[in-house]
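# Coordinate inspection notes
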Amino acid sequence: MYKKYISVLASMALVSAGAMAQNDSIKSSLSPSQPADIGSDKVFSLGETTGAVSVITGNQLNRRNAKDIGNDILGQGSGLISLQGAGRYVDQNPTFYVRGLQTLNDNNTPLFIVDGIERDITSVSPEDVERVEILKDAAATAIYGYKGINGVVVVTTKRGKANTREITISYDHEFRFFAHTPKFVNGYTYGLAINEARQNDGLGVRYLPQELTALKDQTYPELYPNVNWLDETMGSTSHTNKYAIQFRGGTDKFRYYTSINLLTNSGFIAKPNENSGYSTQDKFSRGNVRMNLDIDLTPTTLVKLNIFGSLTENQQPGDKANLWDMIYTVPSAAFPIKGPDGKWAGSDTWAGTLNPVAQSQGAAYYKNHRRALSADLTIRQDLGMILEGLSANVRVAYDNMANIFENHSKTYVYSVTTPSWPNGAAEPTYTTSIYGVDGEMGSKADPGTYHRYFHFDGGFNYEKKFGDLDLYSQLKWDYEYTDPNGINNTVYRQNVTWWTHLNYKSRYLLDLTLVESGSSRLAPGTKWNFSPTLGLGWVISNENFWSNPDRYLKLRATAGMLNADFLPKDKYGNEVWTYYAQQYVIGGGLYPFDNTWNPWQQTTLGQMATPDPGHEKAYKFNVGVDASPVDGLNVSVDLFKERRKGIWVSSAGKYSSLIGMTAPYENGGIVDSKGIEISADYNKTFGDVTLSVGGNFSYNKNKIVKMMEEPRDYANLVQTGNSVDQLYGLKAIGFFKDDADILNSIPQTFSTVRPGDIKYEDVNDDGVIDANDKVAIGYSTRAPEIFYNFRLGAEWKGLGMYAFFQGTGNYSAVLNTKSMYWPLINNTTISQYAYDNRWTPDHQDALFPRLSSSNNANNYQTSTLWLRNRSFLKLRNIEVYYNLPGKFLKDNLKVVSGAKLYVRAIDLFATSNVPKNDPECYGIDPVNKSVAFGLSVTF
């Protein structure tokens, strides 16, 4: 598979090389002159940096009609793994990793920076973004202190331009559809399935023959219904509107960029307007205002002011009902939408509060308001009057976000109609019971989460040219505090950084970063730590011996040690702040201690304090090559290696139970990572035709070297030496054919097995099959090892096309979605796919085991039977556009300088081995695909 993806990029490069002898090159995201923000007060070009940096440029942005910049860059960049989110529109946020999984405890999320400040990117409109940088190695991320260890994603918004004046107005209308929806069986087939499952379990049938006939013929639909809950609850189309206006321009001394963005989305609820005065639609709206100012107060004083405000409102059906969970739960034969009395319906097995149509129409609505305001002010003072090349920089930022919830939910009355149709009776009878209360709509409004963030930094910069040597050096102190979830949990961090860049004859480059970082999260005595990094570069194409200076070639290498202020986590994923102190547990029996016989509870020793606490560290190494072998073609290759040490792990495996206390957390984990990244970008103009082709490929591999794992009885159970988030399960070798097959097979201990149950391999040869036979299977279900993308673009006289594809490899899925693959458990429904592929005595080569009406402990183990290759290739977006000719606009619309019409399709196509579902999100929440039409006009 690895070679296949390499060959794709190689063939792209060869095609590009064959067309080299044409006109001027178009600026590439890999071009040495491409600006790259690596956190210093000066923006350098890629050709001047030694670090591993990937840039997503403006012409690659705003092509997906995304609600925010995170969804807009989905699949893009080199070294950035981005995986699509599912669910309601407001919740569709990607998951990001830089260079894959590199540590334990789910601490792999990169840092996100917006205009130099750590900020949430889910509110940033793609229309406002100039470029996005991905900082990957030690030299590129060291300046961010504790928070840069997992890589950094830097979002740079647009700024004003001197001596220009532009107004751009755009409108997009998007039609959204479900990429995949489940097909559940009808009422009659459900009756057959549940009867078969109960008989397989040795139980009596649920539906008698005459009841099955009624389900099939629908002669008594209110007693034996057949409801397609998906079609009755959800519509087929959702609509999104995006409005944007941007003002950009300025003079030599005052430059501005201002934008106003409005986004609205109507959800998929089929009938949201059944009530007078309000809608129950699942909808979302957001208004953003951004203002970026650059002011030259004096010839030596620059002021930069950024202000951003966002108001968001999202609404969903009452009581925050999870409608998709209900659709995946309630069978079509469970109950009708409404009973014979016209009330919402339920049953003795499935309460009326599980009626998805009732919840989508009769429970009113729940609303959340999110208000965010952020501002930062930078003053840069030239101190050349004191020392030539010296300047000072001061920045202050403050962000505030709050959520306010409105609960207008209401309860409703529902009826339960219980039919009875004994054998021999001519027709069924029934009884009806009434449940619930027809309540008033709620009026409660409460504040929810509240987040404050303050940042200050100040320092001195020195920039000077000494003959052939260019020097830039920066000394900075930064301080921040954040209240991530309200009050009384403030986190303080500080960094003192000295960053120096040397450039000799534009041939030899050196970047040295020394950082001392402090954090209130760490134990006393360990709060401050030192991070040194070094980067070296050699621009070979600038040497005198290089025969063709137009063919660029640069070698770079970086090494460094970074620190993190991660905390240990308990088994529930909660951070443990008191790891360095002995814990005590109060509880148990009561004992009288004084003359008044007041009872006291016993106090026992709890978790031990961490001996000699430390923190997590990363030792990063990177070597890279940047080249332009032919005109218009830019190539970049990076090889990296990293060792994480001091990872927080439980030391329970280090001690025996004789210590009598819970073992402490210790910095005992070690994870090694390595990989390769290849990028190619070809841009060329052939007369009236502009061609753009590019792609990225990354391969990330990791291994757990040490994790204080407890001694295992069998080698197959050892996790040390395997990958982070490695999947473990049983090896399925088929199904039990009959009772004789069961008697002649190795005993399985999970539950009593019957014909049609999964048969497993006795991996450890101990004569019994149990949890000790689990072994590493497949790859991670969290992040792929292989991630690649490629794009194709062409334009002729204003008419253009742009297509972007993205794929993964070495990525696993476990088909455990309820009802879709694991049906009928706890009275859930069953998909047509699961029904058609179940084991029966006449279908023994089936994909899935026999049906069971209960949670079959034997069959629903994680095993290779449920394992699938999750690798996929998606057409992320394709755009066809037309830029109106400038002469036409000038002659006919004198105030219009540019106009663009476009049609876009987003996530329209995917190939994968995950059946009947999306490979990225194969749970109950679906992903969307869409088609959008838009217009952009510049004045």
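About the thresholds
Residues numbered from 1 in each chain as written. Predicted model: local features only at pLDDT ≥ 70, side-chain atom pairs only at ≥ 80, totals over all residues. Heavy atoms only, no water. Pairing = 2+ DSSP bridges. Helix = DSSP H or I, 4+ residues; strand = E, 2+ residues; numbered from the N terminus. Axes fitted to C-alpha atoms, helices over the stretch in contact; angles between N-to-C directions. pLDDT = per-residue confidence, 0-100. Contact = heavy atoms within 4.5 Å. Expected span 1.5 Å × (residues − 1). Buried < 20%, exposed > 50% of the residue type's maximum accessible area, 1.4 Å probe, protein only. Core = buried A, V, L, I, M, F, W, Y, C linked by side-chain atoms within 4.5 Å. Phe/Tyr/Trp six-rings, centres within 6.5 Å; stacked < 30°, edge-to-face > 60°.

## Looking at the sheet that holds strand β19 (residues 429-435)
One open sheet accounts for three strands, arranged β15-β18-β19; its pairing is mixed. Since the sheet does not close on itself, it has two edges, and those belong to β15 (344-346) and β19, each with one partner. Across this sheet, the average inter-strand angle for adjacent strands is 35°, counted without regard to direction. Taken together, the seven bridges between strand β18 (residues 414-420) and β19 define a ladder with antiparallel strand orientation. Across the sheet, the residue bridging to Tyr 414 is Tyr 435, located in β19.

## Let's talk about the confidence of the model for the protein chain
Put simply, the protein chain has an average pLDDT of 92, and 95% of its residues get 70 or more. In the predicted structure, residues 1-26 sits below a pLDDT of 50 and forms 54 contacts with residues beyond four places in sequence or in another chain.

## Examining helix α4 (residues 187-200)
With 14 residues, α4 should reach 20 Å at 1.5 Å per residue; the first-to-last C-alpha distance of 20 Å fits that figure. Where α4 is concerned, the buried positions are Gly 187, Thr 189, Tyr 190, Gly 191, Ala 193, Ile 194, Asn 195, Glu 196 and Ala 197. At its buried positions, α4 is contacted by α5 (209-217) and α10 (832-836). Within two residues after α4, Gly 202 carries a phi angle of roughly 80°, on the positive side.

## Some thoughts on the sheet that holds strand β9 (residues 152-157)
Across the sheet, which stays open at both edges, the five strands sit in the order β3-β8-β9-β6-β7 with mixed pairing between neighbours. Looking along the sheet, the strands with just one partner apiece sit at the ends: β3 (53-56) and β7 (117-118). Strand direction decides the pairing type here: strand β6 (residues 111-114) and β7, joined by two bridges, are antiparallel. Looking across to β7, one finds that Val 114 is bridged to Ile 117.

## Some details on the nonpolar core
One finds Met 234, Trp 324, Tyr 821 and Trp 866 to be the most contacted residues of the largest nonpolar core, which totals 39 residues. When contributions to this core are tallied by element, the ones reaching two or more residues are α7 (323-327), β34 (758-760) and β38 (812-814). Sort the elements by how many residues they give to this core and α7 lands first, with four residues. Setting aside residues up to four positions removed in sequence, Tyr 821 forms contacts with Leu 815, Asn 816, Tyr 833, Phe 848, Trp 866, Val 914, Pro 915, Lys 916 and Asn 917. Residues Tyr 207, Leu 215, Tyr 224 and Val 416 belong to the second largest nonpolar core, which totals 32 residues.

## Some remarks on the packing of aromatic side chains
Tallying each qualifying case throughout the model produces 35 aromatic pairs. With a centroid separation of 6.5 Å and an interplanar angle of 80°, the aromatic rings of Tyr 190 and Tyr 207 are classed as edge-to-face. With a gap of 17 residues between them, Tyr 190 in helix α4 and Tyr 207 in the loop between α4 and α5 connect regions that are remote in the sequence. Ring plane angle 35° and centroid distance 4.8 Å describe the contact between Trp 822 and Tyr 860, whose orientation is recorded as tilted. Placement of the pair is Trp 822 in the loop between β38 and α10 and Tyr 860 in the loop between α10 and β39 (867-869), with a sequence separation of 38 residues.

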